[in-house]
Amino acid sequence: MNRMPILLLILSFLINGCSTTSVYKEVFKEKPIHNSKEFTVYKDILYQATIRTVCSKNFIIEREDEDKGFILAKRSFQKGKRTIVLALQAKIDSDEENKSSTLYLNALQTTERLFIADHTRFFLFVIPLPGGGGKEATVIKEGEKIVKDKKFYKKFFSAIEEQINALTAKDDKEK
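Definitions and limits used
- Residues numbered from 1 in each chain as written.
- Predicted model: local features only at pLDDT ≥ 70, side-chain atom pairs only at ≥ 80, totals over all residues.
- Heavy atoms only, no water.
- Pairing = 2+ DSSP bridges.
- Helix = DSSP H or I, 4+ residues; strand = E, 2+ residues; numbered from the N terminus.
- Expected span 1.5 Å × (residues − 1).
- Buried < 20%, exposed > 50% of the residue type's maximum accessible area, 1.4 Å probe, protein only.
- Salt bridge = Lys/Arg side-chain N within 4 Å of Asp/Glu carboxyl O.
- Patch = residues over 30% accessible without salt bridge, like charges linked within 9 Å, V, L, I, M, F, W, Y side chains within 5 Å.
- Areas by Shrake-Rupley, 256 points an atom, 1.4 Å probe, with all protein chains shown as cover.
- Lys, Arg positive; Asp, Glu negative; His and termini not counted.
- Charge placed at Lys NZ, Arg CZ, Asp CG, Glu CD.
- Contact = heavy atoms within 4.5 Å.

Novice: Give a detailed account of the pairing of strand β4 (residues 82–95), specifying residues and quantitative values.
Specialist: In this structure, strand β3 (residues 70–79) lies alongside β4, joined through ten bridges in antiparallel fashion. Within β4, the position partnered with Leu72 by the bridge is Gln89. Between β3 and β4, which pair antiparallel in sequence order, lie two residues; one of them, Gly80, sits at a positive phi of approximately 65 degrees.

Novice: Can you lay out the pairing of β3 for me, pointing to particular residues and giving the numbers?
Specialist: Successive side chains on a regular strand alternate, one facing one side of the sheet and the next facing the other. Direction of pairing for strand β2 (residues 60–65) relative to β3: antiparallel, over a ladder of five bridges. Residue pairing for β3: Ile61 is matched across the bridge by Ala73. With antiparallel pairing between neighbouring strands as the criterion, β2 and β3 make up a hairpin whose turn holds four residues, including Gly69 at a positive phi of roughly 70 degrees.

Novice: Describe in detail helix α2 (residues 43–56), supporting the description with residues and values.
Specialist: Compared with an ideal rise of 1.5 Å per residue, which puts 14 residues at 20 Å, α2 spans 20 Å between its outermost C-alpha atoms and is within 8% of the ideal. The complete set of buried residues in α2 reads Lys43, Ile45, Leu46, Tyr47, Ala49, Thr50, Ile51, Thr53 and Val54. Two residues or fewer past α2, Asn58 is found with a positive phi of approximately 65 degrees.

Novice: Got a sec to walk through the pattern of salt bridges? Specific residues and values, please.
Specialist: This model, assessed by the stated rule, comprises three salt bridges. Of the charged contacts in the structure, one is a salt bridge between Glu142 and Arg82, with a shortest N-O distance of 2.7 Å. You can see Glu142 sitting in strand β8 (residues 135–146) and its partner Arg82 sitting in strand β4, a full 60 residues away along the chain. Taking the relative accessible area as the measure of exposure, Glu142 reaches 40% and is therefore partly exposed. Here Lys141 makes a salt bridge to Glu144, at a shortest N to O gap of 3.3 Å. Given the relative accessible area of 52%, Lys141 is considered exposed. Looking at Glu144, the relative accessible area reads 47%, which means it is partly exposed.

Novice: So what's going on with unusual backbone geometry? Residues and values would help.
Specialist: We note that Asn58 has phi near 65 degrees; this positive angle belongs to a residue other than glycine. Along the polypeptide, Asn58 turns up in the loop between α2 and β2.

Novice: Which residues make up a negative patch on the surface, and what are the values?
Specialist: A cluster of like negative charges, contributed by Glu38, Asp44, Glu64, Glu66, Asp67, Asp93, Asp95, Glu96 and Glu97, occupies part of the molecular surface. Position of Asp67 among the secondary structure elements: in the loop between β2 and β3.

Novice: So what's going on with the environment of Leu108? Which residues, and what values?
Specialist: For Leu108, the location among the structural elements is in strand β5 (residues 100–118). Sequence separation between Leu108 and Lys148 is 40 residues; the distance between their C-alpha atoms is 9.2 Å. Other than its neighbours up to four places away in sequence, Leu108 contacts Val85, Leu86, Ala87, Glu144, Lys145, Ile146 and Val147.

Here it is as structure tokens:
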């Protein structure tokens, strides 16, 4: 009985199992994407400005917690049979001592595709038969990636800065 093929099979499984790279090692290899900015306002003003900016950019707020300074918003774009969903997560960390707050933004782009399968039965390829099965729609996720575009975050921070200026000007008029 020849045991050589079995040994080669076991050896190939061991080599393939050991050669996979660990994803967690890549976390610290990536370059920073400039997705945070410090603002010289209190946390509540920055939170309100962020909410206003997110809503003005047509995002739908999925979850928010003002006490924790957390916002999760989504926006969908339809491109033919593809749906692109942009999820935006905002986290505000405040430094009450220095009257400043830091905003961290993370955006995740997910691409999904719609497939429709038609199970209708036909008589002579023309007349649909009853109980033919109908149509079945399936949504498949094609891809997911973190938005690393420096310009995207810069424009978002600029829009938030405009909202902060509008909020603080409004407060100054009331005083």
